[in-house]
Amino acid sequence: MRYYWKGNNVSTDFAARLLGSGDLYNQRGRRPWASVSFITAHDGFTLNDLVSYNDKHNDDNGEDNNDGHNDNRSYNYGAEGPTDDENINAVRERQKRNFLATMVFSHGTPMLLAGDEFGRSQLGNNNGYCQDSQISWVHWDNLPESAEALREFTRQILKLRADQPLLRRENWRDSMDIKWFNSGGGFQQAEQWDEGSTLGVYIGRPDLQTEEGIWHDVLMLFNPFEGNVPFRIPQFGEGGWVLELTTSDTAKRGLVITKEKDFELEGRSFALFRRP
């Protein structure tokens, strides 16, 4: 997931992890929830630091910055650490939302590092186990405005996961219909998995259609690249699509698309569509 949202072409692996890693867990009677989905853990960067630092900054640990791993798969988007650059901060906030949405809507069991939901930082320290200090403490008060916005976004996606069975698969043999699309609106072809990483996935379960308030199909779009991508929204079934949630700074929730047309998928953003 880190590689994917950094813009590396790992589409095949990304698709497998999003759907619960069936290549690893669909055996010996194991279920999708046996796969634990996480972006960060108690070791390594926090979510905020994952999008704010290219390198570890462990000097305060007393080991000449030799402790902690070096392969963080992180990116600072133009400045190392905190910055007043509004454009850089906007990208960082969007990437945090991308990571959280991908983790929560993956079909494994989500694991959220405490504080990631409001952007806790360890100032680039990726090995803070030895710190009983401001570096490792979780600060719950006097948070910036962006912290509450991220926390509200986290609440929203967790509620969607709890409310909608399509977003928390419990069985590999549940008749779920899964289709992958390219940005042209056609089915993803074998050779296209190696060409680019802007993807759409349709997930449906016909047996959920009669349950009130329960979605029977969804469409999720992913763009890990810097530039916007016109994504042709495929139309099949009835009723078109409604934009339920997006990490974009520009797209509007509630947008209805009832015929094949391009949706401007903002650079480094995620979009979730449902039926009207």
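Procedures and definitions
- Residues numbered from 1 in each chain as written.
- Predicted model: local features only at pLDDT ≥ 70, side-chain atom pairs only at ≥ 80, totals over all residues.
- Heavy atoms only, no water.
- Helix = DSSP H or I, 4+ residues; strand = E, 2+ residues; numbered from the N terminus.
- Rg over C-alpha atoms; globule rule 2.2 N^0.38 Å.
- Contact = heavy atoms within 4.5 Å.
- Lys, Arg positive; Asp, Glu negative; His and termini not counted.
- Charge placed at Lys NZ, Arg CZ, Asp CG, Glu CD.
- Phe/Tyr/Trp six-rings, centres within 6.5 Å; stacked < 30°, edge-to-face > 60°.
- Lys NZ or Arg CZ within 6 Å of the ring centre and 35° of its normal.
- Pairing = 2+ DSSP bridges.
- Axes fitted to C-alpha atoms, helices over the stretch in contact; angles between N-to-C directions.
- Buried < 20%, exposed > 50% of the residue type's maximum accessible area, 1.4 Å probe, protein only.
- Patch = residues over 30% accessible without salt bridge, like charges linked within 9 Å, V, L, I, M, F, W, Y side chains within 5 Å.
- Areas by Shrake-Rupley, 256 points an atom, 1.4 Å probe, with all protein chains shown as cover.
- Salt bridge = Lys/Arg side-chain N within 4 Å of Asp/Glu carboxyl O.
- Parallel < 35°, antiparallel > 145°, perpendicular 65-115°, else oblique.
- Left-handed = near helix turned anticlockwise from the far one by under 90°.
- Nonpolar A, V, L, I, M, F, W, Y, C, P; charged D, E, K, R; others polar.
- Arc of directions from axis to C-beta.

Time to look at the overall build of the chain. The number of helices and strands found in the chain is six helices and 10 strands. Its C-alpha radius of gyration of 19 Å places the chain within 12% of the 19 Å reference for a compact globule of 276 residues. Considering only C-alpha atoms, the chain reaches an extent of 60 × 45 × 40 Å along its principal axes. Long-range pairs, those at least 24 residues apart, make up 68% of the contacts in the chain between residues at least 6 apart in sequence. Here the chain contributes 30 positive and 42 negative side-chain charges, whose respective centroids are spaced 7 Å apart.

Let us look at the packing of aromatic side chains. Using the criterion set out here, one finds 16 aromatic pairs in the structure. Plain terms: the ring middles of Tyr75 and Tyr77 are 4.6 Å apart, the flat faces sit at 70° to each other, and that makes the pair edge-to-face. Ring-pair connections join several aromatic residues into one group, and the members of that group are Tyr4, Trp5, Phe14, Phe105, Phe222 and Phe270. Above the face of the Tyr3 ring, Arg73 is positioned so that its terminal group lies 4.2 Å from the ring centre. Looking at Arg275, its charged tip hangs above the ring of Phe236, at a distance of 5.8 Å from the centre.

Turning to the sheet that holds strand S8 (residues 256–257), a few remarks are in order. Taken in spatial order, the six strands of this open sheet run S3-S4-S5-S10-S7-S8, and their pairing is antiparallel. Looking at the sheet topology across the chains shown, the edges are occupied by strand S3 (177–181) and S8. In terms of strand pairing, strand S4 (residues 199–204) meets strand S5 (residues 217–223) through six bridges, oriented antiparallel. If you follow Gly204 over to S5, its bridge partner there is Asp217. Set on the sheet, helix H5 (residues 86–105) makes contact with S5, strand S7 (241–246) and strand S10 (269–274); between it and S10 the angle comes to about 45°.

On to unusual backbone geometry, then. One non-glycine residue with positive phi stands out, namely Ser175, at about 65°. Examined against the element boundaries, Ser175 turns out to sit in the loop between helix H6 (145–163) and S3. Backbone geometry at Arg268 places phi at a positive 50°, although glycine is not the residue there. What makes Arg268 buried here is its relative accessible area of 13%.

In this section: a negative patch on the surface. On the surface, Asp59, Asp60, Glu63 and Asp64 cluster together into a patch of negative charge. Summarising the element assignment, Asp64 is placed in the loop between helix H4 (47–50) and H5. Residue classification places Asp64 among the exposed positions, given a relative accessible area of 67%.

Looking now at the packing of H5 against H6. Taken N-terminus to C-terminus, the directions of H5 and H6 make an angle of 20°; their axes are 10 Å apart at the nearest point. Here H5 lies roughly parallel to H6, going by the angle between them. Crossing angle aside, the handedness with which H5 passes H6 is right-handed. Contacts between H5 and H6 pair Glu93, Lys96, Arg97, Leu100, Ala101, Val104 and Phe105 from the former with Ser146, Leu150, Phe153, Thr154, Ile157, Leu158, Leu160 and Arg161 from the latter. A class-by-class count of the residues in the contact of H5 with H6 yields nine nonpolar, two polar and four charged.

Moving on: the environment of Phe236. Considering the arrangement of structural elements, one finds Phe236 in the loop between strand S6 (229–232) and S7. Measuring from C-alpha to C-alpha, the distance between Phe236 and Lys259 comes to 9.3 Å, with 23 residues separating the pair along the chain. Ignoring any residue separated from it by four or fewer positions in sequence, one finds Phe236 in contact with Phe181, Tyr202, Trp241 and Arg275.

What follows covers helix H2 (residues 11–18). Taken together, the buried positions of H2 are occupied by Ser11, Phe14, Ala15 and Leu18. Along the long axis of H2, the arc covered by the buried residues comes to 100°, so they all point the same way. Where the residues of H2 are buried, they touch helix H1 (2–6), H5, S3, S4 and S5.

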